[in-house]
Amino acid sequence: MIKKCLFPAAGYGTRFLPATKSMPKEMMPIVSKPLIEYGVEEALQAGMNDICIVTGRGKRALEDHFDANFELEHQISGTSKEELLNGIRSIIDECTFSYTRQREMKGLGHAVLSGQTLVGDQPFGVVLADDLCINDAGEGVLAQMAQLYKQFRCSIVAVMEVPEEEVHKYGVIAGQAISDDLIRVENMVEKPAREDAPSNLAIIGRYILTPDIFDLIADTQPGAGGEIQITDALLAQAQRGCVLAYKFKGKRFDCGSIEGFIEATNYCYDRLA
């Protein structure tokens, strides 16, 4: 039902300087596979094979990764190393990739709006590649959310409980529980102070959005940090209609932080061992 998945990937990745001075943070490898490839695999599992990537200056490596490298493939043809390319070759064969640039860094809301020409007038997934989500027990997070969309046909955000002292790092939601893992959003605040947070349910980097979100973002004024926040547009959408928050099944690693990146690397390495 949902075929398009948007990857906002124009950020600088300043928490990983100097590594990200010349390399996109989305290309940081967890063991031997870059973060964005994990995200595309998750989208593909959810049936979203039309991959739309919002890039910026210095991000050409993303386009090169999802393309053939004839010289490399010729050099390793017929060797055991050729098998290492099976995964990315399968992705390239099964997906289509389109790209646009976010010329100014004005926040996640602006990045999503920059992808409107790629997405068009249809519902779409959003993956923030530096949030690595793994569900060893079943479907990936985006696939879980796609199933919910079939039932409710509205925007959905993935949420998880975080310690109260960390709520200032996230968009935080509150609302009316529909079931143990599903909440109808009534309030949503971007990076609140601990005393102002409506709950400890934090939004992580997985969304399913309906196309009316674009008009709402376009009408959204800069908010926290002077940026155009997707959280503010989603709150307007919730007040006019319906936005659901989903407590997903699986583990999430904040690979935008050094600690989370190391934790994810160790976890994935142990799974391969």
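- Looking at an unreviewed UniProt entry, one finds the protein named UTP--glucose-1-phosphate uridylyltransferase and attributed to Endozoicomonas gorgoniicola.
- For the record of the protein, the UniProt heading Sequence similarities (unreviewed entry) holds the text "Belongs to the UDPGP type 2 family."
- Recorded in UniProt for the protein, the comment headed Catalytic activity (unreviewed entry) runs: "alpha-D-glucose 1-phosphate + UTP + H(+) = UDP-alpha-D-glucose + diphosphate".

A look at helix H1 (residues 35-45)
Step number 1: Counting buried residues along H1, eight of its 11 residues qualify, which places the element largely inside the surrounding structure.
Step number 2: Residues Leu35, Ile36, Glu37, Tyr38, Gly39, Val40, Glu42 and Ala43 constitute the buried set of H1.

As for the layout of surface pockets
Step number 1: Space inside the largest pocket adds up to approximately 1,300 Å³.
Step number 2: Taken together, 44 residues make up the lining of the largest pocket; nearest its centre are Arg15, Lys25, Leu128, Asp130 and Lys191.
Step number 3: When residues of the lining of the largest pocket are traced back to their parent elements, those giving at least two are helix H5 (108-114), strand S8 (155-161), strand S11 (201-209), helix H9 (230-240) and strand S13 (251-254).
Step number 4: Considering every element that reaches the lining of the largest pocket, the biggest residue donor is S11, with four residues.
Step number 5: For the lining of the largest pocket, the per-class residue count stands at 18 nonpolar, 12 polar and 14 charged.
Step number 6: In this structure, the second largest pocket spans a volume of roughly 320 Å³.
Step number 7: Along the walls of the second largest pocket sit 15 residues, with Ser32, Lys33, Glu37, Tyr38 and Leu84 positioned nearest its centre.
Step number 8: It is helix H10 (residues 258-272) that provides the largest number of residues to the lining of the second largest pocket, a total of three residues.

Parameters at a glance
Residues numbered from 1 in each chain as written. Predicted model: local features only at pLDDT ≥ 70, side-chain atom pairs only at ≥ 80, totals over all residues. Heavy atoms only, no water. UniProt positions renumbered as here; feature names shortened; annotations may be inferred. Buried < 20%, exposed > 50% of the residue type's maximum accessible area, 1.4 Å probe, protein only. Helix = DSSP H or I, 4+ residues; strand = E, 2+ residues; numbered from the N terminus. 1 Å grid on protein atoms, 1.4 Å probe; cavity = no way out; pocket = protein on both sides within 12 Å on 5 of 7 lines; lining within 4 Å. Points joined across faces, edges and corners; volume = space filled by probe spheres on them. Nonpolar A, V, L, I, M, F, W, Y, C, P; charged D, E, K, R; others polar.

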